[in-house]
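Here is what each chain is made of, one letter per residue.
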Amino acid sequence: MKAAYYQGDKSFFITDCIPQSPNAHEVRIDVSYCGICGTDIHIYRGHMAERIHPPQVIGHEMSGTVAEMGVGVEGLQIGDPVVVRPLDSCNHCPACKAGHHHICQNLNFIGIDSPGAFQSSWNISAQVLHKLPLGINMEIAALIEPLAVACHDVRLGQIRSGETVVVIGGGPIGMLVSLVAKSKGAKVTLAEVNPFRFDLAQDLGINAINPAEDNLEQYILDITNGAGADAVFEVSGSKSGIEVSTELCRTRGRIIVVAIFPEPQPVNLFKFFWREIQMLGVRVYEPEDYEEAIVLADSQKLPLEKLITSVQPLEALSNAFHSLDTNPNNLKILIKCSD
Ligand SMILES: [Zn+2]
Ligand SMILES: [Zn+2]
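Here the structure is a predicted model, which means the values were calculated and not measured. (Residues numbered from 1 in each chain as written. Chains lettered and ligands numbered in written order. Predicted model: local features only at pLDDT ≥ 70, side-chain atom pairs only at ≥ 80, totals over all residues. Heavy atoms only, no water.)

For the zinc ion (ligand 2), the full set of protein donor atoms is Cys90 (SG), Cys93 (SG), Cys96 (SG) and Cys104 (SG), at a range of 2.3 to 2.4 Å. One can describe the site at the zinc ion (ligand 2) as tetrahedral: its 4 donor atoms subtend angles covering 101 to 122° at the metal. Ordering the donors of the zinc ion (ligand 2) by residue number gives the pattern C-x2-C-x2-C-x7-C. Of this pair, Cys90 sits in the loop between β6 (87-88) and α2 (94-97) while Cys104 sits in the loop between α2 and β7 (108-109), and the two are 14 residues apart along the sequence. (Donors = N, O, S within 2.8 Å, 3.2 Å for Na, K, Ca; no water. Tetrahedral: all angles 85-135°; square planar, octahedral: opposite > 155°, others 65-115°. Helix = DSSP H or I, 4+ residues; strand = E, 2+ residues; numbered from the N terminus.)

A separate point is the environment of Ser114. Here Ser114 shows up in the loop between β7 and β8 (121-125). Counting along the chain gives 201 residues from Ser114 to Glu315, while the straight-line C-alpha distance between them is 22 Å. Once residues lying within four places of it in the same chain are set aside, the contact partners of Ser114 are Gln56, Val57, Asn108 and Phe109. (Contact = heavy atoms within 4.5 Å.)

If the charged atoms of two oppositely charged side chains come close together, the side chains can form a pair. Inspection of every chain in the model, using the stated rule, returns 19 salt bridges. Among the ionic pairs, Lys332 bridges to Glu61, the shortest N-O distance being 2.9 Å. Of the two residues, Lys332 sits in strand β17 (residues 332-336) while Glu61 sits in strand β4 (residues 61-69), which places them 271 residues apart along the sequence. Classification of Glu61 by relative accessible area gives buried; the value is 1%. For Asp289, the salt bridge goes to Arg155, with nearest N and O atoms at 2.8 Å. Separated by 134 residues along the polypeptide, Asp289 in helix α10 (residues 287-299) and Arg155 in helix α4 (residues 144-156) bring together distant segments of the chain. Each of Arg155, Glu286, Glu288 and Asp289 takes part in salt bridges that share partners, so that together they form one network. (Salt bridge = Lys/Arg side-chain N within 4 Å of Asp/Glu carboxyl O. Buried < 20%, exposed > 50% of the residue type's maximum accessible area, 1.4 Å probe, protein only.)

That's the geometry; what it means functionally is another story.
The following block contains the structure:
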């Protein structure tokens, strides 16, 4: 087997290793594909040094098949297609006790806080696996993790059919939130300044606006008879994105904060008070979001294949990270981890 180790300082080394038999309640997976996430790029840029222990295998947006099972594993068979929901919760903190295992106060995010999927063979607890329908496209299946993020965001944002929704930021998650909200019957407008991403959004059937060229606020007021949007998803992580959110939102509308803001940002609290706006944070996913994402991915109802910019071999991992780090004309790069 081959594994790609991140060694810090924007570099990886690829090495041959011997697959280990899984421990009790673990499964060895032949990893088919693993996508590179925005979080992986943060790691690459050295922003998450306190959580990474180089040399370490990272990666969490994977698809694969069961290759070997440890004792005590039930409900799976060799050859089953699976995805990992990469959250390992402590089960005893206040968040876990309240049923919020996905945002456990001692969360081990698999692929960041512990070894991940940029390797051809991966041993992992059977508890975090979701079985996939037979015959599912394994490239598309590697998008289930980010698609589950979008399902969670749209579910917690309580998006209903007919609502006007603005999504600020057209990266992979912004695109997926737009597609999932549209699939619920919402009228979605995506705000994106990058021409490549703007064109891709339109190619995906998403109504896109470039706020650097067109007046986003005026546009939303026009299409809502002066009311404003029912829900605004902030997915850009930018100062201007969170600033405009309060301007776009109707009375008693919702602002859903999806992006990671490393620094505190000023927010127009007067607008909150005046319009009785609600703001909620949303993070990762719960098992039901994974199940919804699996059904959506398998249904082929969403044009998910268009989100994949390229598929590259494990040996090209360094180049793929470099490309995502330096060239915004990329969306999702998948790494083919085994044959
Ligand atoms: Zn991810
Ligand atoms: Zn916990």
